[in-house]
Structures are given as structure tokens and as C-alpha cells.
Amino acid sequence: MDDLEQIYQEMILDHYKHPRNAELLADDPVLADEENPMCGDRIQLTCQINDEQIEAVRYKISGCAVSRASASMMSEALQGLPIEEANDLIEQFVAAMRGERELDPDWHEDLMALSGVRKFPLRVKCATLAWHGMAKALSERKA
Ligand code: ZN
């Protein structure tokens, strides 16, 4: 393992052990409930939107370290973004995880940390679960 991989591994572990925004409240309407049956990961999401801008992303997740870390990273990456930009980032991130496009060097380093997952096709679904869920939550919210 080289230094960069080591750093990435530590970033994933940090999000796994200290998940950000993982606090779905009883009054939060669940806008998306997604599962990755390949691994047994499940996420429920909601978001608060004000003036077409995402003010808060909240979720409850059970599953593996990759799915949990990715959900935590997703919540940080998308909070504060206009809906349109968030949808773009979701699309680009999912495509990058599937190896359909390159990672964007301008992305937050947390997202780069997930790039190692691309070598493991079964893990790609773990890494993209929260992102698919969020895309669904955003479309539910707009509807
Ligand atoms: Zn998983």
C-alpha cells in the first residue's frame, strides 16, 4: 500500500467511525429508502431545501464501512449546494465510481478517497448507494 492509499484508507475509516449528519429525526419525512441487496446495506434519507439550495442532508444507514463512509462524505459534499449542482455532482460521482469517467481533481479529497473502490466492482454499489438515494430524495422533494 502506498502513502496515498494509506491516507485514503484512514479518511474512509474516519467517516465510518465518526459519521457526519447521520441523524434522521423522528419528524423528518423519509424521502428515499434504498437498499443494496448484494451487501445488505440500507439507507433512509431526507433533506431540507430552502430556495433551491440544500440546507441539510440527513440519513440513517446500516451496512458496511464503505457504504457508511460514502453516505457521510456525500452529506458533506452536497450540503450547501444548489439542487442543480448537487444533481450534477451525484451523476458525475456515480459515473466515476463505475469507471465511466475520470475523477475530477477539483473534488473534495474525501471523494477521491473512495476512488480505490473502483478496483472492486462489488463495492461500487456500496459506494454509490447513498448517492442514488440522495438523487431519489431530491426528485421526491421537487415533485
Ligand atoms: Zn456494502
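Now for a quick tour of the structure. Just so we're clear, the structure is a prediction, and the values are computed from it rather than from any experiment. (Residues numbered from 1 in each chain as written. Predicted model: local features only at pLDDT ≥ 70, side-chain atom pairs only at ≥ 80, totals over all residues. Heavy atoms only, no water.)

1. What to know about a negative patch on the surface
Right, so step 1: A contiguous patch of negative charge, built from D51, E52, E55, E84, E85, D88 and E91, is present on the exposed surface.
Right, so step 2: Ranked by residue count, the leading element in the negative patch is helix α3 (residues 83-97), at 4 residues.
Right, so step 3: Positionally, E84 belongs in helix α3.
Right, so step 4: Taking the relative accessible area as the measure of exposure, E84 reaches 65% and is therefore exposed. (Patch = residues over 30% accessible without salt bridge, like charges linked within 9 Å, V, L, I, M, F, W, Y side chains within 5 Å. Areas by Shrake-Rupley, 256 points an atom, 1.4 Å probe, with all protein chains shown as cover. Salt bridge = Lys/Arg side-chain N within 4 Å of Asp/Glu carboxyl O. Lys, Arg positive; Asp, Glu negative; His and termini not counted. Charge placed at Lys NZ, Arg CZ, Asp CG, Glu CD. Helix = DSSP H or I, 4+ residues; strand = E, 2+ residues; numbered from the N terminus. Buried < 20%, exposed > 50% of the residue type's maximum accessible area, 1.4 Å probe, protein only.)

2. Digging into the side chain of S115
Right, so step 1: Here S115 shows up in the loop between α4 (109-113) and α5 (121-142).
Right, so step 2: Of the polar contacts made by the side chain of S115, one reaches the backbone oxygen of M112; its length is 2.6 Å.
Right, so step 3: Once residues lying within four places of it in the same chain are set aside, the contact partners of S115 are Y8, M97 and L103. (Polar contact = N/O pair within 3.5 Å; in protein donor to acceptor, adjacent residues only side chain to side chain. Contact = heavy atoms within 4.5 Å.)

3. Quick word on the packing of helix α1 (residues 3-17) against helix α2 (residues 65-78)
Right, so step 1: Packing of α1 against α2 brings their axes to within 8 Å, and their N-to-C directions diverge by 85 degrees. By the angle class used here, α1 and α2 are roughly perpendicular. Touching M11, I12, H15 and Y16 of α1 are A65, R68, A69, S72, M73 and E76, all from α2. (Axes fitted to C-alpha atoms, helices over the stretch in contact; angles between N-to-C directions. Parallel < 35°, antiparallel > 145°, perpendicular 65-115°, else oblique.)

4. What to know about the packing of aromatic side chains
Right, so step 1: Under the criterion given, the structure shown has 2 aromatic pairs.
Right, so step 2: Pairing F93 with W107 gives two aromatic rings, centres 6.1 Å apart and planes at 50 degrees, and the pair type is tilted. In this pair, F93 sits in helix α3 while W107 sits in the loop between α3 and α4, placing the two residues 14 residues apart along the sequence. The two residues F93 and W107 agree in class, both being buried. (Phe/Tyr/Trp six-rings, centres within 6.5 Å; stacked < 30°, edge-to-face > 60°.)

5. Some points on the coordination of the zinc ion
Right, so step 1: For the zinc ion, the full set of protein donor atoms is C39 (SG), D41 (OD), D41 (OD), C64 (SG) and C126 (SG), at a range of 2.2 to 2.7 Å.
Right, so step 2: Summarised as a motif, the one-chain spacing of the donors to the zinc ion is C-x1-D-x22-C-x61-C. (Donors = N, O, S within 2.8 Å, 3.2 Å for Na, K, Ca; no water.)

6. So, the side chain of D41
Right, so step 1: Mapping D41 onto the fold places it in strand β2 (residues 41-50).
Right, so step 2: Here C64 takes part through its backbone nitrogen, which lies 2.9 Å from a polar atom of the side chain of D41.
Right, so step 3: D41 has contacts with E34, E35, N36, S62, G63, C64, S67, C126 and L129, leaving out every residue within four places of it along the chain.

7. With respect to α2
Right, so step 1: If you check α2, its first and last C-alpha atoms are 20 Å apart, about what 14 residues at 1.5 Å a residue would give, namely 20 Å.
Right, so step 2: Of all 14 residues that make up α2, 10 are buried, and the element is covered over most of its length.
Right, so step 3: Listed as buried for α2 are V66, S67, A69, S70, A71, S72, M73, M74, S75 and L78.
Right, so step 4: Just beyond α2, the residue with positive phi is G80, at close to 90 degrees. (Expected span 1.5 Å × (residues − 1).)

8. As for the nonpolar core
Right, so step 1: Of all hydrophobic cores here, the largest spans 45 residues; its most connected members are L78, W131, M134 and L138.
Right, so step 2: Beyond its immediate chain neighbours, meaning those up to four positions away, M134 contacts L45, C47, I54, V57, M74, L78 and I90. (Core = buried A, V, L, I, M, F, W, Y, C linked by side-chain atoms within 4.5 Å.)

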